[in-house]
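# Observations on the three-dimensional arrangement
Read off the chains here:
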Amino acid sequence: MNTIFYWLGRAIIAVIQKLSLLQVARLGRFFGALAFHFDARHRRVALDNLNRCFGPEKSAAEIHALARENFCRLGENYLCAIKTSAMTADELKAHVEFVNLERLPQKVGDAPPRNVVVAIGHFGNFELYARFHDHRPDYQCATTYRALNQPAITG
């Protein structure tokens, strides 16, 4: 079964990486909307959590729209992460901007810059932060991830 998942995953990834980033984003939103429609368990969790957060502030229709949009954005982010992982720094320039780079400690002479830890929100295509090195080569960057259940795909 792992072999089937591996080859299926590889085929899906190959198709995604052949499309433009805009096409991938739209496809991801489509699959996110499908997930919202078919994944009743997670849809219920999202709706319950939003109701807890907003209670009487928002109508049932507004809560439903927020939950659906969240699923769409998750789908968009998942597929765009696959696409951007194969894009070069030059290809990403039209889509990604790092701002306030001058606020980070600068390299002086041969000494490496002072160590810093940058914490970010867990939303969006946060895998792109590992690509920060393309903009500040004097910094070593990394992100973490949770491995998949299929070792051949994770490896």
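Scoring rules and cut-offs
- Residues numbered from 1 in each chain as written.
- Predicted model: local features only at pLDDT ≥ 70, side-chain atom pairs only at ≥ 80, totals over all residues.
- Heavy atoms only, no water.
- Salt bridge = Lys/Arg side-chain N within 4 Å of Asp/Glu carboxyl O.
- Helix = DSSP H or I, 4+ residues; strand = E, 2+ residues; numbered from the N terminus.
- Buried < 20%, exposed > 50% of the residue type's maximum accessible area, 1.4 Å probe, protein only.
- Axes fitted to C-alpha atoms, helices over the stretch in contact; angles between N-to-C directions.
- Parallel < 35°, antiparallel > 145°, perpendicular 65-115°, else oblique.
- Contact = heavy atoms within 4.5 Å.
- pLDDT = per-residue confidence, 0-100.
- Expected span 1.5 Å × (residues − 1).
- Core = buried A, V, L, I, M, F, W, Y, C linked by side-chain atoms within 4.5 Å.

## Focus: the pattern of salt bridges
A pair can form between side chains of opposite charge whenever their charged atoms are brought close. Tallied over the full model, the rule gives five salt bridges. A salt bridge links Arg29 to Glu69; its shortest N-O distance comes to 2.8 Å. Taken together, the residues Arg29 in helix H2 (residues 21-38) and Glu69 in helix H4 (residues 60-84) connect sequence positions 40 residues apart. Residue Glu69 is classed as partly exposed on the basis of its relative accessible area, which comes to 26%. Here Arg131 ties to Asp134 by a salt bridge, and the two come within 3.5 Å at their closest N and O atoms. A relative accessible area of 39% places Asp134 in the partly exposed class.

## Quick notes on the packing of helix H1 (residues 2-18) against H4
Two elements in contact, H1 and H4, have axes separated by 8 Å at closest approach and are oriented at 80°. In this view, H1 runs roughly perpendicular relative to H4, as classed from their interaxial angle. The segment H1 lies against H4, with Ile13, Ile16 and Gln17 engaging Leu79, Ile82 and Lys83.

## Observations regarding the confidence of the model for the protein
With 95% of its residues at a pLDDT of 70 or more, the protein shows a mean pLDDT of 88. Looking over the protein, one finds the lowest element-wise mean pLDDT in helix H6 (residues 151-154), namely 66, and the highest in H2, namely 98.

## With respect to H4
Look at H4: 36 Å from first C-alpha to last across 25 residues, which is about the 36 Å you get at 1.5 Å a residue. Those residues of H4 not exposed but buried are Ile63, Ala67, Phe71, Cys72, Gly75, Leu79, Cys80, Ala81, Lys83 and Thr84.

## Some words on the nonpolar core
With 14 residues, the main nonpolar core has Val24, Cys80, Leu92, Val96 and Phe132 as its most contacted residues. The leading source of residues in this core is H2, at three residues. The contacts of Phe132, once residues within four sequence positions are left out, are Phe98, Leu101, Leu104, Tyr139 and Cys141. Ranked by size, the runner-up nonpolar core spans seven residues in total, among them Leu47, Leu50, Ala67 and Phe71.

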